[in-house]
Amino acid sequence: DGERVAYGCQDGSVKVFSTSTGNILVTLRGHELSVTSVSFSPSGDLLASGSRDQTVRVWDPSTGEEKSTLRGHEDYVRSVA
């Protein structure tokens, strides 16, 4: 939506920032290892994050609620789209 940007952190969290203020809007916590990739859905109402913990997590980036965890990857997740 152009109003938020997200990035993955070494500590396993994802931070969502306001592009207009630069303030952190929400910190998403749940991954056990560093986050390697993040991607907003086209509508902006979901955010996917991939991690070295071999999971993809789907979040509500407005509330920080984890919607689901996708498991079963045989190696760390390098990219989500």
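Report follows, based on the coordinates. From a predicted model like this one, the values you see are computed outputs, not experimental measurements.

Scoring rules and cut-offs
Residues numbered from 1 in each chain as written. Predicted model: local features only at pLDDT ≥ 70, side-chain atom pairs only at ≥ 80, totals over all residues. Heavy atoms only, no water. Core = buried A, V, L, I, M, F, W, Y, C linked by side-chain atoms within 4.5 Å. Buried < 20%, exposed > 50% of the residue type's maximum accessible area, 1.4 Å probe, protein only. Contact = heavy atoms within 4.5 Å. Phe/Tyr/Trp six-rings, centres within 6.5 Å; stacked < 30°, edge-to-face > 60°. Helix = DSSP H or I, 4+ residues; strand = E, 2+ residues; numbered from the N terminus. Lys NZ or Arg CZ within 6 Å of the ring centre and 35° of its normal. Pairing = 2+ DSSP bridges. Axes fitted to C-alpha atoms, helices over the stretch in contact; angles between N-to-C directions.

Within soluble globular proteins, side chains that are nonpolar tend to cluster in buried spots. Membership of the largest hydrophobic core is limited to 8 residues, which are Ala6, Val14, Val16, Val26, Leu28, Val35, Leu47 and Trp59. Each residue touching Leu47, except ones within four places of it in the same chain, is listed here: Ala6, Val14, Leu28, Ser39, Phe40, Arg57, Val58, Trp59 and Pro61.

According to the stated counting rule, one finds 1 aromatic pair in the structure shown. With 5.4 Å between their ring centres and 15° between their planes, Tyr7 and Phe17 make a pair best called stacked. Note that Tyr7 is positioned in strand β1 (residues 4-8) and Phe17 in strand β2 (residues 14-18), a separation of 10 residues in sequence. Take Tyr7: its relative accessible area is 39%, and that puts it in the partly exposed class. The aromatic ring of Tyr76 is capped on one face by Arg52, whose charged end is 4.1 Å from the ring centroid. Over the ring of Tyr76 we find Arg78; its NZ or CZ atom is 4.4 Å from the centre of that ring.

The next thing to look at is the sheet that holds strand β5 (residues 47-51). Across the sheet, which stays open at both edges, the 4 strands sit in the order β4-β5-β6-β7 with antiparallel pairing between neighbours. Each edge of the open sheet carries a strand with a single partner, namely β4 (35-40) and β7 (66-70). Looking at each pair of strands side by side, their axes are set apart by 20° on average, direction ignored. Note that β4 and β5 share 5 bridges and pair antiparallel. Its bridge partner lying in β5, Ser39 is registered against Ala48.

Moving on to unusual backbone geometry. In this structure, Gln54 is a non-glycine residue whose phi angle is positive, near 70°. Considering the arrangement of structural elements, one finds Gln54 in the loop between β5 and β6 (56-59).

A word on the pairing of β1. Sheet topology note: the β1/β2 ladder contains 5 bridges and is antiparallel. Considered in β2, the bridge of Tyr7 is made with Lys15. In this antiparallel pair of consecutive strands, β1 and β2, the connection spans 5 residues, and Gly12 shows a positive phi of 90°.

So, on to the sheet that holds β1. An order of β1-β2-β3 is seen for the 3 strands of this open sheet, with the pairing classed as antiparallel. Of all strands in the sheet, those bounded by a partner on one side alone are β1 and β3 (24-28). Going from strand to strand, the sheet's axes swing by 20° on average, the running direction of each strand aside. Pairing of β2 with β3, which is carried by 4 bridges, proceeds in the antiparallel orientation. Across the sheet, Lys15 pairs through a bridge with Thr27, a residue of β3.

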